[in-house]
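Residues per chain, in single letters:
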Amino acid sequence: MWLHAGILDGKEMVFPDKGSPQGSGLSPLVANGYLHEVLDTWCETVVQAHCRGQVVLYRYADDVGIGCEREEDAWRIIEVGPKRFAKYGLEINTEKTTVVRFGRPQRSSADRQPGTFSFLGFVHSWGKTWRGRYTIKRKTEGKRLRRTLGECWRWCRDNRHRAPQEQHV
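Residues numbered from 1 in each chain as written. Predicted model: local features only at pLDDT ≥ 70, side-chain atom pairs only at ≥ 80, totals over all residues. Heavy atoms only, no water.

### Observations concerning the pairing of strand S7 (residues 134–140)
Just so we agree on the cut-off: For two strands to be treated as a pair, DSSP must find no fewer than two bridges joining them. Working definition: helices are DSSP H or I runs of at least four residues, strands are E runs of at least two. Numbering for both runs from the N terminus.
Across seven bridges, the pairing between strand S6 (residues 122–128) and S7 is antiparallel. Its bridge partner lying in S7, Ser125 is registered against Lys137. Linkage of S6 to S7, two consecutive antiparallel strands, is achieved through a turn of five residues, within which Gly132 is found at a positive phi near 90 degrees.

Structure below.
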């Protein structure tokens, strides 16, 4: 019944024909239940056995990052993944799916920069420590930071006329 409940979109009630309602308490439960079988178990048993290099899976709810030691393994997973998901009636968002070369930069080749990627609201990139060693750096995504600062600015604008005691609550 929960899957067929409507969603209030502004002032209009919408009844989607597929998926769980966005923002409902059921959505993360269904996603974790499905993805445990569809992705986690598959990655542990099948993918790691068929790949030549190491493969590591990072997942938070329905956001997934897969790290592969070898590039050909990554391309193979991208090729086979949608077929695996389709078997369970799920789809992979191809607009958000990409392969990024993210190996530690070589000191000798300063002209070749490794890629960056965005995952869970952070941009991950390689950078140097103050001692000159390479490390993975994380920075808040620009659009998320701008959105949060904009919300803060709007709250300040709307409440600056109020007494400080009222603002503190």
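### Description of the confidence of the model for the protein
The condition is simple: Each residue carries a pLDDT score, the predictor's confidence in it, ranging from 0 to 100.
The predicted model of the protein averages 83 in pLDDT, with 90% of residues at 70 or higher. Considering each helix and strand of the protein separately, the mean pLDDT is smallest for strand S1 (residues 7–9), with a value of 73, and largest for helix H3 (residues 142–159), with 92.

### Concerning a nonpolar patch on the surface
Put simply, the test is: Note on patches: the residues involved have over 30% relative accessible area and no salt bridge, like charges join within 9 Å, and the nonpolar side chains Val, Leu, Ile, Met, Phe, Trp and Tyr join within 5 Å. The protein chains shown are the only cover counted for residues, whose accessible areas, like all others here, come from Shrake-Rupley with a 1.4 Å probe. Throughout this description, the term salt bridge denotes a Lys or Arg side-chain nitrogen within 4 Å of a carboxyl oxygen of Asp or Glu.
A contiguous nonpolar patch, built from Leu8, Met13 and Phe15 and spanning about 360 Å² of accessible area, is present on the exposed surface. Mapping Leu8 onto the fold places it in strand S1.

### Structural notes on helix H1 (residues 26–50)
Here is the rule we go by: Given the number of residues in a helix, its expected span is that number minus one, multiplied by 1.5 Å. Fitting one axis to the seven residues ending at a residue and another to the seven starting there, the bend at that residue is the angle between the two axes. The contact criterion used throughout is that any non-hydrogen atoms of two residues lie within 4.5 Å.
The first and last C-alpha atoms of H1 sit 34 Å apart over 25 residues, in line with the 36 Å expected at 1.5 Å per residue. Roughly 55 degrees is the biggest bend found in H1, and it falls at Cys43. In this structure, the buried residues of H1 make contact with strand S3 (55–60), strand S4 (63–68) and helix H2 (71–87).

### A word on the packing of H1 against H2
A pair of packed helices can be characterised by two numbers: the angle between their axes and the separation between those axes. Put simply, the rule is: Axes, fitted as lines to C-alpha atoms, cover a helix only where it is in contact. Angles between the N-to-C directions of the axes lie from 0 to 180 degrees. For classification, angles of less than 35 degrees are called roughly parallel, those exceeding 145 degrees roughly antiparallel, those between 65 and 115 degrees roughly perpendicular, and all remaining angles oblique. Crossing handedness: left-handed means the near helix sits turned counterclockwise from the far one by under a right angle, and right-handed means the same turn made clockwise. Polarity classes work like this: nonpolar for Ala, Val, Leu, Ile, Met, Phe, Trp, Tyr, Cys and Pro, charged for Asp, Glu, Lys and Arg, and polar for all others, with Gly in that last group.
Taken N-terminus to C-terminus, the directions of H1 and H2 make an angle of 140 degrees; their axes are 12 Å apart at the nearest point. When the interaxial angle is binned, H1 and H2 end up oblique. Helix-helix and strand crossings are classified by hand; for H1 and H2 the assignment is right-handed. Judged by residue contacts, Leu35, Glu37, Val38, Leu39, Trp42, Val47 and His50 of H1 engage Arg76, Ile77, Val80, Gly81, Arg84 and Phe85 from H2. Tallied by class, the residues present in the contact of H1 with H2 amount to eight nonpolar, two polar and three charged.

### Some remarks on the pattern of salt bridges
Under the criterion given, the structure shown has six salt bridges. The partner of Asp40 in a salt bridge is Arg59, and the shortest N-O contact between them spans 2.8 Å. One end of the pair, Asp40, is in helix H1; the other, Arg59, is in strand S3, and 19 residues separate them in sequence.

### Structural notes on unusual backbone geometry
The phi torsion of most residues other than glycine is negative, and most of the peptide bonds are trans. At Leu120, a residue that is not glycine, the phi angle is positive and equals roughly 55 degrees. Its place among the elements puts Leu120 in the loop between strand S5 (117–119) and S6.

### What to know about the sheet that holds S5
As summarised here, the arrangement of the three strands in space is S5-S6-S7, forming an open sheet in which the pairing is antiparallel. The sheet terminates laterally at S5 and S7, the two strands that pair on one side only. Taking each pair of neighbouring strands and ignoring which way they run, the sheet shows an average axis angle of 40 degrees. Relative to S6, S5 runs antiparallel, the two sharing three bridges. Across the sheet, the residue bridging to Phe117 is His124, located in S6.

### A short note on the packing of aromatic side chains
Test applied: Pairing of aromatic rings covers Phe, Tyr and Trp, the last through its six-membered ring, and needs centres within 6.5 Å; plane angles under 30 degrees mean stacked, over 60 mean edge-to-face, and all others mean tilted.
Evaluated as defined, the whole model comprises two aromatic pairs. With a centroid separation of 4.9 Å and 80 degrees between ring planes, the pair formed by Phe102 and Phe117 is classed as edge-to-face. In this pair, Phe102 sits in the loop between H2 and S5 while Phe117 sits in strand S5, placing the two residues 15 residues apart along the sequence. Members of the aromatic cluster, each reached through a chain of ring pairs, are Phe102, Phe117 and Trp126.

### A closer look at the nonpolar core
What counts, and what does not: Residues belong to one nonpolar core when they are buried, are Ala, Val, Leu, Ile, Met, Phe, Trp, Tyr or Cys, and are joined through side-chain atoms within 4.5 Å. The rule is simple: take the accessible area with a 1.4 Å probe, protein chains only, and divide by the maximum for that residue type; under 20% is buried, over 50% is exposed, in between is partly exposed.
Residues Leu35, Val38, Leu39, Trp42, Cys43, Val47, Cys51, Val55, Ile77 and Phe85 constitute the largest nonpolar core, which totals 10 residues. Those elements giving two or more residues to this core turn out to be H1 and H2. Other than its neighbours up to four places away in sequence, Ile77 contacts Val47, Cys51, Val55, Ile66, Cys68 and Pro82.

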